[in-house]
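Each chain, written out:
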Amino acid sequence: LADNAIVRVVDDLSYSLKIHSEENTTLVQKAPHRFLLMSEVATLTLSVAFDFFDTPTQNIPFSLALKENRSHWVHFWETGAAISFNTTVTRAFELERRIILSLYLLAIQSLGSFPSAETGLTVNSWYGKFHLEMHPFHALFAPFWGKGELLKRSLWYYQSIRESAQKRAQEQGYEGLRWPKMTEPNGSDAPSVIGCLLCWQQPHLILFAVALKRSGFSITEYLDLIEETITFMISYLQDDGTRLNIGAPVIPAQENHDPVDVLNPTMEIEYWYWALGAGITLVEEAGRGAPDEWKNARRRLALPPSKDGLYLAHEKCPDTYTKYATDHPSFLFSYGFIPGERIDPAIMAASLEKTKTSFNLTSMWGWDFPAMAMSATRLGNFDDALELLLLEAAKNTYRVNGHNAQGDRADLPLYLPGNGAILLAVAMMVQHGAFPAQWGVEAEGFYPYL
């Protein structure tokens, strides 16, 4: 304790909670990690600040904090996009409830200065680490909802870990920047049997840049990182003499595969194709030259694998809809979450239908249901999109406070990527006119999805 500050020291890290009140207060430590704040006044007003000692914060009066807080929320709710359903349809009311609460929960937990952990600031999931492959399902909705400045808050982070991303790539024999999966503020790889082999987070920065530019923001500050991201993506590919592949060892977004057996996972190979094209366009529109090597590599990319009229999880997975019918059906997201320029809509429609009847719904995660709804929307199957968005499943439930609880998992009483995926899906469905006329939809301020 020091001057109404609770000081915490862990190894070489020091920080404090500074407590400022306009009344006379006393702070007493009652036990390890337990403090009692006392005052003789009937109503105690105070402000609490998290403080690193190298960047001390100023004492902010409660009255000023209250004024700025109120001003912030007025601005948040009265700017950007909005949607309402003028109907008595129960499902429309439920979706509107989820939308409003998701906007609030993501604003307070997922749109800060760092990428968010899956459970934000509420519980300590995954030992407090955040997962960069989930960054879009926390914050990508913001530009399409006219709130792009809230996404930009956390994008400085990629620049801050540039050196470690370059070192990671070099140590593994690649060029450019390899972004981590499960990480923390300094960009290290947290211990994980999956994280070091996951790759689908690599194009996310390009995705963010496209979304920001589409909604009117400059992306000049990200161009160097985009170029180095493209450099890694091409360096990462494996040349078999005929085509360029994403090959072993790799774990796709559907994480239940043996990394030594995976070849050209559908989502990843199509995401590579889209992101290389989008990244090259961003670079060229900025007046920078895009090497022919980049364009040639994109042309030589392997096609998304399919068999018997269905897309596969990856090229060596004929058991996609049987043995591997659990976890994220990520092959579907190659035509929804991204445009899927090389995807055959008829094959994708059949794949979506097969997934609905064969996959174990209890094994899916909260963001899977809105992501599947996005695939159905891009296919023009609007009834399916609504059914998937509001499907009754253990991990697609939203509590009274808006928390997307992941079934009976005590460590995941909320799951913010589910909230973020809802807002992405709604933005896309507004664009495509996917809501029934009887729902009486009124929407404004949305920017078109990809």
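Data block above holds the structure.
The shown structure was predicted, so the numbers you read here are calculated from the model rather than taken from an experiment.

## Comments concerning a nonpolar patch on the surface
Line of reasoning, step 1. The grouping of W77, I100, Y104 and I108 at the surface amounts to a nonpolar patch, some 370 Å² of accessible area in total.
Line of reasoning, step 2. Summarising the element assignment, Y104 is placed in helix α2 (residues 90–109).

## Here's the deal with the nonpolar core
Line of reasoning, step 1. Among the nonpolar cores identified, the biggest contains 135 residues, and L95, I99, W145, W200, F337 and W367 are the most heavily contacted of them.
Line of reasoning, step 2. A per-element tally of this core places helix α9 (residues 266–285) first, with twelve residues.
Line of reasoning, step 3. Those residues in contact with W367 that lie beyond four places of it in its chain are M134, F137, W200, H328, F333, Y415, P417, G418 and A421.

## A look at the packing of aromatic side chains
Line of reasoning, step 1. As enumerated under the stated definition, the model contains 33 aromatic pairs in all.
Line of reasoning, step 2. On the basis of an interplanar angle of 25 degrees and a centroid distance of 6.4 Å, the ring pair of W73 and W77 is categorised as stacked. Of this pair, W73 and W77 both sit in helix α1 (residues 62–78), separated by four residues, roughly a single helical turn.
Line of reasoning, step 3. Residue classification places W73 among the buried positions, given a relative accessible area of 18%.
Line of reasoning, step 4. Geometrically, the ring pair formed by F114 and F130 is tilted, given 6.5 Å between the ring centres and 35 degrees between the ring planes. On the criterion of sequence distance, the pair formed by F114 in the loop between α2 and β7 (130–131) and F130 in strand β7 is long-range, its members being 16 residues apart.
Line of reasoning, step 5. Note on F114: relative accessible area 32%, which makes it partly exposed.
Line of reasoning, step 6. Here the aromatic cluster, defined as three or more aromatic residues joined through ring pairs, consists of F114, F130, W156, Y157, Y158, W179 and F208.
Line of reasoning, step 7. Above the plane of the ring of Y273 lies R298, whose end atom (NZ or CZ) is 3.8 Å from the centre.
Line of reasoning, step 8. Over the face of the ring belonging to W365 we find K395, whose NZ or CZ atom lies 4.5 Å from the ring centre.

## What to know about the pattern of salt bridges
Line of reasoning, step 1. Per the stated rule, a full pass over the model turns up 19 salt bridges.
Line of reasoning, step 2. Of the charged contacts, one joins E221 and K152 as a salt bridge, the two residues approaching to 2.9 Å between their closest N and O atoms. With E221 in the loop between α7 (204–214) and α8 (223–236) and K152 in helix α5 (residues 148–160), this pair connects stretches of sequence that are 69 residues apart.
Line of reasoning, step 3. Taking relative accessible area as the criterion, E221 reaches 53% and is therefore assigned exposed.
Line of reasoning, step 4. In this structure, K356 and D384 form a salt bridge, with 3.1 Å as the shortest nitrogen-oxygen distance. Placement of the pair is K356 in helix α11 (residues 345–358) and D384 in helix α13 (residues 382–389), with a sequence separation of 28 residues.
Line of reasoning, step 5. Classification of K356 as partly exposed rests on a relative accessible area of 33%.

## A short note on the packing of helix α6 (residues 162–171) against α8
Line of reasoning, step 1. Contact geometry for α6 and α8: axes closest at 12 Å, N-to-C directions at 15 degrees. Of the possible angle classes, the one that applies to α6 and α8 is roughly parallel. Both α6 and α8 take part in a crossing whose hand is left-handed. From α6, R162, Q166 and A169 reach across to α8, where they touch D224, L225, E228 and F232.
Line of reasoning, step 2. Of the residues assigned to the contact of α6 with α8, the class counts are three nonpolar, one polar and three charged.

## Things to note about unusual backbone geometry
Line of reasoning, step 1. Following A248, the chain continues to P249 via a peptide bond in cis, the omega torsion being -5 degrees.
Line of reasoning, step 2. Here P249 shows up in the loop between β10 (244–245) and α9.
Line of reasoning, step 3. Phi angles above zero are rare outside glycine, and W126 is one such case at about 50 degrees.
Line of reasoning, step 4. Here W126 is to be found in the loop between α2 and β7.
Line of reasoning, step 5. Backbone geometry at N264 places phi at a positive 50 degrees, although glycine is not the residue there.

Rules and cut-offs
- The written sequence of each chain sets the order in which its residues are numbered from 1.
- Residue-level local features of this predicted model are given only where pLDDT is at least 70; pairs of side-chain atoms are given and counted only at 80 or more, and the full residue set underlies all totals for whole chains, interfaces and linings.
- Heavy atoms throughout the structure, all of them, feed into the side-chain values; hydrogens and water do not.
- Patch construction takes residues with relative accessible area above 30% that form no salt bridge. Like charges are linked within 9 Å, and nonpolar side chains (Val, Leu, Ile, Met, Phe, Trp, Tyr) are linked within 5 Å.
- Only the protein chains shown count as cover for residues, and the accessible areas themselves come from Shrake-Rupley with a 1.4 Å probe.
- Criterion for a salt bridge: a side-chain nitrogen of Lys or Arg within 4 Å of a carboxyl oxygen of Asp or Glu.
- Runs of H or I in DSSP of at least four residues are treated as helices and runs of E of at least two as strands, each being numbered from the N terminus.
- Here the nonpolar core consists of buried residues drawn from Ala, Val, Leu, Ile, Met, Phe, Trp, Tyr and Cys, with membership extended through side-chain atoms lying within 4.5 Å.
- Exposure is judged per residue with a 1.4 Å probe applied to protein chains only, and the accessible area is read against the type maximum: over 50% gives exposed, under 20% gives buried, and values in between give partly exposed.
- What makes two residues a contact is simply this: any of their non-hydrogen atoms within 4.5 Å.
- We call Phe, Tyr and Trp rings a pair once their centres come within 6.5 Å, taking the six-membered ring for Trp, and we label the pair stacked below 30 degrees between planes, edge-to-face above 60, and tilted otherwise.
- Whether a charge lies above a ring is judged from NZ of Lys or CZ of Arg, which has to be within 6 Å of the ring centre and within 35 degrees of the ring normal.
- Axes here refer to lines fitted to C-alpha atoms; in helices the fit is confined to the stretch in contact. Angles between the N-to-C directions go from 0 to 180 degrees.
- What sets the label is the angle itself: under 35 degrees gives roughly parallel, over 145 gives roughly antiparallel, 65 to 115 gives roughly perpendicular, and the rest give oblique.
- The crossing is said to be left-handed when, going from far helix to near helix, the turn is anticlockwise and less than a right angle, and right-handed when the turn is clockwise.
- The residue classification treats Ala, Val, Leu, Ile, Met, Phe, Trp, Tyr, Cys and Pro as nonpolar and Asp, Glu, Lys and Arg as charged. All others, Gly included, are polar.

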